[in-house]
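Spelled out, the chains give:
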Amino acid sequence: MKRSASFLIIAIVLLLSGRPVFPQVSWPEIAPEAKPWTRWWWLGSDVDSMNLTYNLEALSRSGIGGVEITPIYGVKGRENQSIDYLSPEWMRMLAFTESEAGRLGMRVDMNNGTGWPFGGPEIRLEDAACRAIFQKYELKSGQRLKEPLAVKDKKQKDVASFNKLMAYAASGEKWDLTANVTGEGILEWTVPQGKECELIALFIGKTLQQVKRAAPGGQGYVLDHLNKEAVGRYLNKFDRAFAMNQTPFPHGFFNDSYEVYDADWTPNLLTEFEQRRNYRLQDYFPELLADGATDISARVISDYRETVGDILREHFTQVWTDWAHAHQAINRNQAHGSPGNLLDLYALVDIPECESFGITGFDIPGLRKDSIRKQNDSDPAILKYASSAAHITGKKYTSSETFTWLTEHFRTSLSQCKPEVDLMFASGVNHVFFHGTAYSPQDAAWPGWKFYASIDMSPTNSIWRDAPAFFDYITRVQSFMQSGQPDNDFLLYLPVYDIWHEERGNYYTAFSIHDMRKRLPEFCGAVEKIRACGFDLDYISDRFLKTGTVENGRLKTEGGSLYKALILPSVKRIPLETLSRISELAQQGATVVFAGQYPSDVPGLFRLEERRKQFAEIGKRLRSEPTVTEMPDFTSLQSLFYPYKESFIADFAGQMIRRKHDKGYLYFFSMLQNNPVNHWIALGTPAASAVFFDPMSGKKGKARLRNNNGATEVYMQLQPGESVILKTFTDENVQAENWIYYQLTGTNRHLNTGWTLRFDESEPPVNTIFQLPELISWTELGNDTLKINNATALYEITFDFNKKTGKEYRLCLGDVRESAVVSVNGNKLGVLFAVPFEINIGEWLQSGKNTIEIEVTNLPANRIADYDRKGIEWRIFHEINFVDITYGNTRYDGWEPLPSGLLGPVIIKECEINDL
């Protein structure tokens with residue numbers, strides 16, 4: 001009795017404090033990071049305090065948690081209003097932004113440059129990105145080089161510098177002739193008698209790349225990211241600007257994808273190579289330039305690629321990270337596009353960031369597929385590089401550049417965004433950054449200031465009206481996915497040395513997201529096959545295998561994450577040190593799976609035969625370990641790790657991710673296929689109880705569980721396009737209201753006639769009230785204005801209804817173009833912005849007369865097409881201005897009207913509780 005009274009007192013105190021009474025079965029508290037953030041384009045840095053406040057308040061009201069400032073090119077005709085990057089006035093605007101964001105409970109990050117990549121006016125030629133220029137000369141016995149050594153590329157004539165000259169005899173001798181070259185480029189050397197030589201001269205040139213999409217004060221050469229001193233000098237300008245203006249440092253700094261084109265060299269590369277690879281690269285210039293024609297050539301190229309990656313990691317990413325930390329700021333990095341091992345580069349920063357680029361062809365019934373679209377380059381196998389780095393190093397967040405180029409401008413709906421963000425969540429993303437939002441003055445003419453490669457999450461886009469519901473959805477998901485620890489099943493070894501050894505075309509290679517799947521088909525296939533077996537995974541590099549340990553038979557990474565096994569997918573070459581470490585881990589009890597084939601060789605050139613001999617000895621010992629398994633494919637994983645498979649993936653082809661909390665596990669499930677779920681689903685973890693959380697509605701309830709042959713099963717109902725969170729408790733039977741399961745009775749009421757339609761918000765205005773004999777697109781109602789308007793229309797219907805006791809009623813809207821706010825008998829029930837556009841309304845229905853109101857907002861596509869037909873000039877931006885999805889200067893005057901409004905069929909479906 002005393003315990004009950006004490007519990008009641010504690011509950012009352014918690015209730016009065018505003019904290020959840022039962023925190024283990026409540027939604028988590030919301031931090032700013034749980035909300036979606038957005039990349040905030042400052043066009044020309046043409047900002048002022050009044051409009052900064054206006055923009056920030058609009059973002060905050062709608063549920064945005066933070067902004068990342070990236071200045072870009074400006075607006076035509078407003079050159080005098082532009083503010084130079086890092087100038088005193090720019091720093092004053094930054095300080096004001098930080099203050100206003102703080103007032104609103106938001107946070108501010110900033111790009112360490114304008115546009116991308118890092119660079120600008122202070123980058124002198126010696127600090128600019130470099131490229132190697134090789135020139136060959138053929139000399140016979142007794143000949144001298146007649147012409148002075150000079151770069152032949154006219155564009156490089158005034159910027160390239162001579163670096164190295166080597167001679168290679170057909171008989172194998174090599175001479176370093178660098179010291180024999182005079183200041184005027186004259187070679188003072190004669191080919192020895194009886195020899196024929198190829199001379200290769202190395203000049204260090206410049207890429208001459210300028211910062212892309214630079215803002216005023218940010219134009220200039222791109223930085224040499226491989227030059228540690230140059231990187232330090234570049235970052236010093238920020239120290240000076242912040243100190244001089246006494247501006248507080250922001251929450252964090254950002255670096256966009258590595259688009260430093262053709263930057264394959266740096267002045268001290270030969271020295272770095274020799275120190276790291278233990279031989280001189282200049283002795284193998286012919287092999288470096290032979291495109292892997294021989295095994296030695298492929299090995300030299302692999303060593304070069306590894307060296308460039310190491311230099312980038314240590315001379316840029318590490319330096320930049322240390323600099324940010326010295327100012328009590330975090331950093332966020334997109335490593336993709338770089339020449340290094342992406343896992344190692346992502347792992348160095350506080351928040352690894354992946355990127356979606358294009359739209360995925362989901363097989364979801366009712367999901368609108370626009371005729372103008374860009375195929376997504378980022379599937380889970382690609383997105384997982386960033387989240388894997390976060391998981392194995394213990395980083396809390398994985399962020400994403402989200403919704404870059406889904407469809408053409410003005411044609412992307414919230415319903416198309418939702419499955420894309422679900423795919424990212426299931427791939428480990430838990431900190432969404434929209435790409436993005438353009439700062440736009442309050443008095444700017446519609447459509448406002450725009451950025452060309454953006455979903456346009458801004459108040460001038462009509463989707464903004466109902467976007468807060470979408471933002472709430474993201475916030476609810478991220479509030480769970482940012483808690484606990486990662487809990488994927490396996491570590492999958494990334495065979496980067498196979499890539500470095502086998503890639504052809506140029507000795508320099510970089511890992512762009514646009515061709516990752518094409519270049520890594522076997523690895524990506526392995527990821528999909530493992531997931532199809534019902535397991536999830538993270539990638540691991542050689543560097544992080546070296547720091548791994550074994551705890552109770554499980555692999556433990558340096559970040560503290562635990563894994564059931566290490567899988568090596570058809571790896572051909574693996575460093576001796578890595579194989580030795582794997583052998584040690586196996587001896588300590590770690591499970592190691594070789595799938596497809598066993599590694600057969602070491603990468604690189606130095607002491608090759610000696611390393612091969614050691615490799616064979618270690619391999620023989622490793623293969624005899626009892627915890628090592630070899631399998632031809634991945635089908636044996638289910639039997640090897642029974643009962644740990646997740647049947648939501650294996651049996652229903654769903655997308656999911658699992659995390660661990662103190663008392664159990666957290667699941668995010670999303671059905672992105674045409675596989676409706678109304679079944680018992682086997683979990684890969686044990687549970688005594690579990691609670692469902694619906695991130696769309698905020699509802700929650702205790703799920704129905706059972707044990708089936710040693711596996712915990714949960715009963716789940718999930719339609720295509722839907723998602724749900726499950727929080728399980730391993731040993732505790734938590735108390736909560738039950739999750740309600742429904743089944744359709746088959747009794748339906750169709751509401752496709754008798755609607756009235758009026759436009760309370762429309763541009764151009766529409767004053768007519770329409771009586772609709774049927775539900776069709778409002779563009780087909782015979783009114784020319786309705787073919788060009790951007791509007792929110794109110795659909796209203798009054799009808800008689802016989803409400804039955806004990807029944808629930810589900811309102812299904814059918815085809816909605818593009819989002820809807822539903823009210824029943826004067827009660828606003830919610831916003832429907834994604835498939836399946838359904839909501840339960842039984843509580844608000846009554847027997848007799850009922851009125852349903854549905855406010856539907858369309859896309860701005862029809863209005864902007866009309867602007868182009870009328871010649872209204874809204875593309876008012878410098879530089880690239882405003883290109884289409886193919887980067888062409890296409891106008892939209894040829895677009896046919898996009899369907900708009902409530903297309904139906906609208907049905908009230910009777911349901912009853914399913915007691916299972």
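Use the structure listed above.
Residues numbered from 1 in each chain as written. Predicted model: local features only at pLDDT ≥ 70, side-chain atom pairs only at ≥ 80, totals over all residues. Heavy atoms only, no water.

Quick look at the overall build of the chain
Stated precisely, the cut-off is as follows: Helix and strand labels come from DSSP, where a helix needs a run of H or I of at least four residues and a strand needs a run of E of at least two; each type is numbered from the N terminus. Only protein chains enter the calculation, and the probe is 1.4 Å; a residue is then buried if its accessible area is under 20% of its type maximum, exposed if over 50%, and partly exposed in between. We call two residues in contact when some of their heavy atoms are within 4.5 Å. The Shrake-Rupley method, run with a 1.4 Å probe, gives the accessible areas here. Residue values count only the displayed protein chains as cover. Charged-residue counts in this description rest on Lys and Arg as positive and Asp and Glu as negative, His and the chain ends being excluded. Working definition for charges: the position is that of NZ of Lys, CZ of Arg, CG of Asp or CD of Glu.
Across its full length, the chain carries 20 helices and 43 strands. On the principal axes, the C-alpha backbone points of the chain span a range of 110 × 70 × 50 Å. A total of 916 residues make up the chain; the buried ones form 61% of that total. Considering only contacts within the chain whose residues lie at least 6 apart along the sequence, 79% involve residues at least 24 apart. For the chain, the computed accessible surface area is about 35000 Å², with 48% contributed by carbon and sulfur atoms. Between the mean site of the 98 positive side-chain charges and the mean site of the 115 negative ones, the chain shows a separation of 3 Å.

A look at the packing of aromatic side chains
Here a ring pair, both rings aromatic, is described through the centre-centre distance and the interplanar angle of the planes. What counts is decided by this rule: Aromatic pairs are defined between Phe, Tyr and Trp rings, using the six-membered ring for Trp, whenever the two ring centres lie within 6.5 Å; interplanar angles under 30 degrees are classed as stacked, those over 60 as edge-to-face, and all others as tilted. When the NZ atom of lysine or the CZ atom of arginine is within 6 Å of a ring's centre and also within 35 degrees of its normal, the charge is said to sit over that ring.
On inspection of all chains with the given rule, the structure shows 70 aromatic pairs. An angle of 25 degrees between the planes, with centres 3.8 Å apart, marks the rings of W41 and F451 as stacked. Note that W41 is positioned in strand β1 (residues 37–43) and F451 in the loop between β14 (431–438) and α11 (467–481), a separation of 410 residues in sequence. In this structure F451 comes out as buried when scored by relative accessible area, which is 4%. Taken together, a centroid distance of 5.2 Å and an interplanar angle of 5 degrees make the contact between Y667 and F669 stacked. Among the residues examined, Y667 registers a relative accessible area of 0% and is labelled buried. We note K174 situated over the ring of Y284; from NZ or CZ to the ring centre the distance is 4.0 Å.

Side note on the side chain of S415
Inspection of the secondary structure puts S415 in helix α10 (residues 414–426). For S415, a relative accessible area of 5% corresponds to the buried category. Setting aside anything within four residues of it in sequence, one finds S415 in contact with L367, E818, F833, A834 and F837.

Let's talk about the sheet that holds strand β12 (residues 351–357)
Threshold: Pairing between strands requires that DSSP locate at least two bridges from one strand to the other. Between N-to-C directions, angles span 0 to 180 degrees; the directions come from axes that are lines fitted to C-alpha atoms, helices contributing only their stretch in contact.
Taking strand neighbours around the barrel as the criterion, the eight strands line up as β1-β2-β3-β10-β11-β12-β13-β14 in a closed arrangement whose pairing is parallel. Across the sheet, the axes of successive neighbouring strands diverge by a mean angle of 30 degrees, strand direction being ignored. Here four bridges tie strand β10 (residues 252–255) to strand β11 (residues 330–333), and the two strands are oriented parallel to one another. Residue pairing in the sheet places F254 in a bridge with R332 of β11. Set on the sheet, helix α2 (residues 49–62) makes contact with β1, β2 (66–72) and β14; between it and β1 the angle comes to about 160 degrees.

Brief notes about the sheet that holds strand β18 (residues 549–551)
Across the sheet, three strands lie side by side as β18-β19-β20; this open sheet has antiparallel pairing. The sheet terminates laterally at β18 and β20 (562–563), the two strands that pair on one side only. Where β18 lies against strand β19 (residues 554–556), three bridges are found, and the strand directions are antiparallel. In the sheet register, T549 faces β19, and the bridge partner there is K556.

As for the nonpolar core
General note: in soluble globular proteins, nonpolar side chains tend to be found buried as a group. Test applied: Nine residue types can take part in a nonpolar core, namely buried Ala, Val, Leu, Ile, Met, Phe, Trp, Tyr and Cys, and a core is a set of them joined through side-chain atoms within 4.5 Å.
Core analysis: the biggest nonpolar cluster contains 207 residues, and W265, M457 and F470 have the highest contact counts within it. The element best represented in this core is helix α7 (residues 295–326), accounting for 11 residues. Once residues lying within four places of it in the same chain are set aside, the contact partners of M457 are F403, L414, C417, F434, G436, T437, I463, W464, F470 and F471. Judged by nonpolar contacts, the second largest core, of 41 residues, contains I364, L672, V766 and V816.

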